[in-house]
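One letter stands for each residue in the lines below.
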Amino acid sequence: MRFEVPMSRLTSLGVGGPADAVATPRDRAELATLLRLCAEHRLPHQMLGAGFNTLALDGGLEGVVIQLSRLRLVEERPGGALRVEAGASHGQVLRICSQRGLGGLEFAAGIPGTVGGWIAMNAGIPGREMVDVVKELEVMSPTGQIRHLGAAVLVFRYRALRGLAPGSVVVSALLRVNPMDPGKVRAKIDELLSRRATTQPLSVPSFGSVFKNPRGDFAGRLIEAAGLKGHQIGGAQISPVHANFIANTGGATAKDVLALIHEAQLRVKQASGARLVREVRIVGKEIA
Ligand SMILES: Cc1cc2nc3c(=O)[nH]c(=O)nc-3n(C[C@H](O)[C@H](O)[C@H](O)COP(=O)(O)OP(=O)(O)OC[C@H]3O[C@@H](n4cnc5c(N)ncnc54)[C@H](O)[C@@H]3O)c2cc1C
């Protein structure tokens, strides 16, 4: 357990005040004990993957941030499946797929994070998301009970997984894969990565898409049409490369980022009538 850890170090945008404590349990038993202790002592806990879609506020986080970075086993299972623990990283999973010739997950190339974050966010690209590949989830309840939930009972929505009890933890997922020529898997991944390199601001800290795309439109297009591309508040900037990204140009605070989010919502509403709904998750509290 580490104490007073700046969330700016645990999230990709690089902003946010300190978390009271950060725990990285070694195994399921430690995770269960930790969750039970939190419940017993009424300590809030917050799951965090690699922080690629999380905005941590400047006042920091009360309680315990839990990261499963030590649960990262990836193993093939019979019947075209890959069992992946929630702490496995995007790079680790995709490398294994391309080495072993396992197709089906290439769409996730360039969606940085952990398997836990992929599942909780139903991460994806237009036409394919995690819901299309999840066969089963292993979930731990806040009281430490493990359950295996088949795809039929899981409620995935656009960039969300609903229906789990609050405070539940995704421990592992069984993902559908199919045999494929390793070279083809690699080529598909490379193609998707190089497309992103030309359309997204990958050289500056960001947390990916700020807003969900409204039905039949694109949040980035609406923000650009409202004249906000490149607009800056403090150290936070609506990316000149892709208007649905906010970049930390250096020294941004969460307050700057929130102000930019609210301004984008307001200006888009005024310009086009569309309501932008946040995709990025916000944690912690503002400075009083
Ligand atoms: C450059 C860039 C490009 C991106 N492109 C895309 C894209 O094309 N498509 C897309 O969907 N996303 C995209 N994203 C966003 C991000 O990559 C995804 O949302 C990813 O799934 C985040 O994973 P993470 O582990 O970092 O999640 P985090 O940000 O750490 O957490 C996200 C949410 O998941 C929850 N969570 C994490 N682990 C667990 C767990 N084990 N159990 C329960 N809940 C958990 C957290 O509590 C939080 O609510 C992009 C981000 C960047 C920076």
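### So, the overall build of the protein chain
Helices and strands together make up the secondary structure of the protein chain, namely six helices and 20 strands. Across the 288 residues of the protein chain, 48% fall into the buried class. Excluding contacts between residues fewer than 6 apart, the proportion of contacts in the protein chain whose partners are at least 24 apart in sequence is 65%. Summed over all atoms, the accessible surface of the protein chain reaches about 13500 Å², with 53% contributed by carbon and sulfur. Each charge class in the protein chain can be summarised by its mean position, and for the 35 positive and 24 negative side chains these summaries are 3 Å apart.

### Description of the site of the ligand
Not every one of the 36 residues close to the ligand is listed here, only the nearest: Met 47, Gly 49, Pro 112, Thr 114 and Gly 124. Residue Gly 51 places a main-chain N or O atom 2.8 Å away from an oxygen atom belonging to the ligand. A total of 990 Å² of accessible area belongs to the ligand in isolation, and the protein chains cover 92% of it. Elements that contribute at least two residues to the shell around the ligand include exactly β3 (45–47), α3 (115–120) and β15 (169–176).

### Notes on the domain arrangement of the protein chain
With domains assigned, the protein chain is organised as domain 1 (2–66), domain 2 (74–199) and domain 3 (219–283). Computed from C-alpha atoms alone, the centre-to-centre distance between domain 1 and domain 3 is 26 Å. Contact with domain 1, which involves twelve residues of that partner, is made by 15 residues of domain 3. For the pair domain 1 and domain 3, the summed buried surface comes to about 1100 Å²; carbon and sulfur atoms form 65% of the total. Per-residue buried area on domain 1 facing domain 3 is highest for Leu 13, Asn 53 and Leu 55; these three make up 50% of the total on that side. Where domain 1 meets domain 3, there are eight residue pairs in polar contact (both at pLDDT 80 or more). Looking at the side of domain 1 that touches domain 3 element by element, the count peaks at three residues for strand β4 (residues 54–56). When the residues that make up the side of domain 1 that touches domain 3 are grouped by side-chain class, the tally is seven nonpolar, four polar and one charged.

### Here's the deal with the side chain of Glu 279
Relative to the helices and strands, Glu 279 resides in the loop between α6 (254–272) and β20 (281–283). Within the structure, the side chain of Glu 279 is placed 3.5 Å from the side chain of Asn 53, a separation counted as a polar contact. What Glu 279 contacts, discounting residues up to four positions off in sequence, is Asn 53, Met 121, Arg 159, Ser 209, Val 210, Phe 211 and Lys 212.

### A word on the nonpolar core
Membership of the largest hydrophobic core comes to 34 residues, with the highest contact counts inside it found for Leu 82, Val 93, Leu 105, Ile 119, Met 130, Leu 137 and Leu 175. Sorting the residues of this core by element identifies β7 (81–85), α2 (90–100), α3, β11 (134–140), β15 and α4 (182–199) as the ones contributing at least two each. Looking at this core, the element that brings in the most residues is α2, giving four residues. Setting aside chain neighbours within four positions, we find Leu 105 in contact with Leu 82, Val 93, Leu 94, Cys 97, Val 133, Leu 175, Arg 176 and Val 177. Residues Leu 13, Ile 238, Ala 252 and Leu 258 belong to the second largest nonpolar core, which totals 27 residues.

### Topic: helix α1 (residues 28–40)
Over its 13 residues, α1 extends 18 Å from the first C-alpha to the last, a length consistent with the 18 Å expected when each residue adds 1.5 Å. Contacts from the buried residues of α1 go to β2 (18–23), β3, β5 (61–66), β11 and β15. Arg 42 occupies a position one or two residues after α1 and carries a positive phi of about 50°.

### Let's talk about the sheet that holds β3
Consider a sheet: its strands pair through backbone hydrogen bonds, and that pairing is either parallel or antiparallel. Overall, mixed pairing links the four strands, which are arranged β1-β2-β5-β3 in an open sheet. With partners counted over all chains shown, the strands left at the sheet margins are β1 (2–6) and β3, one partner each. Averaged over all pairs of adjacent strands, the angle between strand axes in this sheet comes to 40°, irrespective of strand direction. Where β3 meets β5, three bridges bridge the pair, whose relative direction is parallel. Looking at β5, one finds that Gln 46 is bridged to Val 65. Together, β2, β3 and β5 form the strand contacts of α1, whose direction differs from that of β5 by roughly 165°.

### Quick word on the pattern of salt bridges
Tallying each qualifying case throughout the model produces 15 salt bridges. What emerges from the salt-bridge pattern is a single network uniting Arg 28, Glu 85 and Glu 138.

Basis of the calculations
Residues numbered from 1 in each chain as written. Predicted model: local features only at pLDDT ≥ 70, side-chain atom pairs only at ≥ 80, totals over all residues. Heavy atoms only, no water. Helix = DSSP H or I, 4+ residues; strand = E, 2+ residues; numbered from the N terminus. Buried < 20%, exposed > 50% of the residue type's maximum accessible area, 1.4 Å probe, protein only. Contact = heavy atoms within 4.5 Å. Areas by Shrake-Rupley, 256 points an atom, 1.4 Å probe, with all protein chains shown as cover. Lys, Arg positive; Asp, Glu negative; His and termini not counted. Charge placed at Lys NZ, Arg CZ, Asp CG, Glu CD. Near = heavy atom within 4 Å. Polar contact = N/O pair within 3.5 Å; in protein donor to acceptor, adjacent residues only side chain to side chain. Domains from an automatic or database assignment. Buried area = accessible area lost by both parts, 1.4 Å probe. Nonpolar A, V, L, I, M, F, W, Y, C, P; charged D, E, K, R; others polar. Core = buried A, V, L, I, M, F, W, Y, C linked by side-chain atoms within 4.5 Å. Expected span 1.5 Å × (residues − 1). Pairing = 2+ DSSP bridges. Axes fitted to C-alpha atoms, helices over the stretch in contact; angles between N-to-C directions. Salt bridge = Lys/Arg side-chain N within 4 Å of Asp/Glu carboxyl O.

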